[in-house]
Amino acid sequence: MPKTASPLPGTAALVDPMASLGSLLREWLPRQRWFAGKDRPVTDLRLLSMTELFPGCLHLLVQAEHSGVPGGHGGVPAPAGTTAAPPADCYQLLLGVRREPAPRPHRALIGRPAAGPLAGFAVYDALCDPRSAQLLLERLRHPGASGPLRFEADPAVPIPAGLAPRVLDAEQSNSSIVYGDEFILKVFRRIQPGVNPDLEVPWALARQGCRRVPAPVAWLRTTRPEAATLGVLQPFLRDAADGWTLALRALATGDDFTAQAHQLGQATAEVHLALAEAFPTGTHREMARTAAAMTERLEAAAHNVPALRPYTARLRTAFAALAGCDAGPPAQRVHGDLHLGQVLRAGREWFVIDFEGEPSRPLAERRIPESPVRDVAGMLRSFDYAARQRRPWRPEWARRCREAYCAGYASRAGWDPRKKHALLRAYETDRAVYEVLYEARHRPDWLAVPMAAIERLAVRGG
Ligand SMILES: Nc1ncnc2c1ncn2[C@@H]1O[C@H](COP(=O)(O)OP(=O)(O)O)[C@@H](O)[C@H]1O
Ligand SMILES: O=P(O)(O)O[C@H]1O[C@H](CO)[C@@H](O[C@H]2O[C@H](CO)[C@@H](O)[C@H](O)[C@H]2O)[C@H](O)[C@H]1O
């Protein structure tokens, strides 16, 4: 193992690292995009586990506690029939610790503790540091254990040594590092117990022969304090552009996007067919439970975002209609957070990534079979989002893309989402409610985008 530039206190000396790091991290964590508890001050950070990954790099799982408010779900109560919320949110941190020089890029610096065993050291986000990122890949190339951490890999896929790392600086729910344009490592930030769907689903789909989803190549997990997935390495799709970028480009140039939208509908249906093969499908009983969960989500969101309140009574009717309507295709495993940013176009093909589902939902809930209409609705909402990025907004552009997407979907799935009006309305409403909460919490400047949909869905019903 390479040596660091300056001597560090070994982990044995870090009997109470939070004495050094507690106040720094309490300031730094809420500023990170992936931090889920932005609307609730962090009152305490509890160390759940600490492992020295290599000299100068500490792996931490910390629990963020918020005064008086139960944690988990980003403040949204768990819907009926799902696993109860964990007591607080757990985050994964990889911290670099060195005396001098300060790390580059400078934005990686978290601070210099004033007291405790790390007083005077520079503490930084190790994922932004190329050297630490390289060492992390080395650990994945050589499966094994470090304390409670397990590094595992698909033996069939060789990972070359020495791939140069580059951190993605996209606004993300997690943190990703690209290695030599060959692989991409997603390091989950908010950790929930169990196998992360972003490992579970692509792995199962790869076994199914589905080529629309990059297959996991290596992964990192922990065994303590509870078993959980911490990161996944997968092939990097070179020269790929995400659907959001492509849609905005088409809107700016006035190019037609319906052919791409049609193919995207086909790709979505292909992934759904593979998911229905790879995972158990459900009965319509789950649909009734879904309707109840949607109503609860609406109420929780309205509690948090006052702008929703004038619409709640009318929005509820969309969910009530779901319970009695034609349930449509069987409930099945779905993507759960499908939007234009989750699809990549490489060559002339669409690929689907990020099967984590909506980050604020508990993992157990994200695994429950649901109508595939959930994903269709997510993508339809995304065309609306894109069309609203320009002024004057382009409802006709969104309408044509939505039509083309549904037609493409129908051509592969064998059923047409446009003919499931009540289902589509309920799922679009649920998605817009989620987006209102998401934007209020993460990007208040964007709140008007889903609020416009809320108004449309409440007043015109679709
Ligand atoms: N296999 C891949 N090939 C190329 N780029 C990828 C790949 N997976 C992810 N990306 C890029 O990384 C970004 C973030 O990935 P994503 O899985 O959506 O992370 P998050 O959950 O943090 O939002 C994507 O928008 C995409 O630009
Ligand atoms: O970070 P994730 O990609 O897992 O998803 C979260 O962030 C998305 C924004 O980056 C958010 O998507 C919303 O904004 C998109 C435009 O930026 C738009 O295309 C989507 O339709 C809209 O839902 C997503 O909801 C959230 O889970």
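In this text, all values refer to a predicted model and were calculated from it rather than measured experimentally.

**Remarks on the overall build of the chain**
No. 1: For the chain, the count of helices and strands is 12 helices and 16 strands.
No. 2: Here the chain, with 462 residues, has 57% of them falling under the buried criterion.
No. 3: Within the chain, contacts between residues at least 6 apart in sequence are counted, and of these 71% link residues at least 24 apart.
No. 4: About 18900 Å² of surface is accessible on the chain, with carbon and sulfur atoms providing 53% of the total.

**Looking at unusual backbone geometry**
No. 1: A cis amide bond, omega -5°, links R224 with the succeeding residue P225.
No. 2: Here R391 and P392 are connected by a cis peptide whose omega angle stands at -5°.
No. 3: Counting through the fold element by element, P392 comes out in the loop between α9 (373-387) and α10 (395-413).
No. 4: In this structure, D181 takes a positive phi of about 55° despite not being glycine.

**Observations regarding the environment of Q234**
No. 1: Note that Q234 resides in strand β13 (residues 228-235).
No. 2: Residue Q234 is classed as buried on the basis of its relative accessible area, which comes to 16%.
No. 3: On a C-alpha basis, the gap between Q234 and V217 in space is 5.1 Å, while along the polypeptide they are 17 residues apart.
No. 4: Setting aside anything within four residues of it in sequence, one finds Q234 in contact with E182, F183, I184, P214, A215, P216, V217 and I353.

**Some points on the packing of helix α3 (residues 197-207) against helix α5 (residues 258-278)**
No. 1: Contact geometry of α3 with α5 gives a least axis separation of 9 Å together with a crossing angle of 95°. In terms of orientation, α3 and α5 fall into the roughly perpendicular class. For the pair formed by α3 and α5, the contact residues are V201, A204 and L205 on the first element and V271, A274, L275 and A278 on the second.
No. 2: The residue makeup of the contact of α3 with α5, split by class, is 7 nonpolar, no polar and no charged.

**Describing the environment of P214**
No. 1: By secondary structure assignment, the location of P214 is in the loop between α3 and β12 (218-222).
No. 2: A residue is classified by how much of its surface remains accessible, and P214, at 8% relative accessible area, is buried.
No. 3: What P214 contacts, discounting residues up to four positions off in sequence, is P202, Q234, P235, L237, V352 and I353.

**So, the confidence of the model for the chain**
No. 1: When the pLDDT values of the chain are averaged, the result is 89; 90% of them are 70 or greater.
No. 2: This stretch, residues 1-6, has a pLDDT under 50; its non-local contacts, to residues over four places away or in other chains, come to 11 contacts.
No. 3: Segment residues 69-86 is flagged for pLDDT under 50; beyond a separation of four residues in sequence, or across chains, it makes 43 contacts in the model.
No. 4: Here the predicted complex scores 0.90 on pTM and 0.98 on ipTM.

Definitions and limits used
- Residues numbered from 1 in each chain as written.
- Chains lettered and ligands numbered in written order.
- Predicted model: local features only at pLDDT ≥ 70, side-chain atom pairs only at ≥ 80, totals over all residues.
- Heavy atoms only, no water.
- Helix = DSSP H or I, 4+ residues; strand = E, 2+ residues; numbered from the N terminus.
- Buried < 20%, exposed > 50% of the residue type's maximum accessible area, 1.4 Å probe, protein only.
- Contact = heavy atoms within 4.5 Å.
- Areas by Shrake-Rupley, 256 points an atom, 1.4 Å probe, with all protein chains shown as cover.
- Axes fitted to C-alpha atoms, helices over the stretch in contact; angles between N-to-C directions.
- Parallel < 35°, antiparallel > 145°, perpendicular 65-115°, else oblique.
- Nonpolar A, V, L, I, M, F, W, Y, C, P; charged D, E, K, R; others polar.
- pLDDT = per-residue confidence, 0-100.

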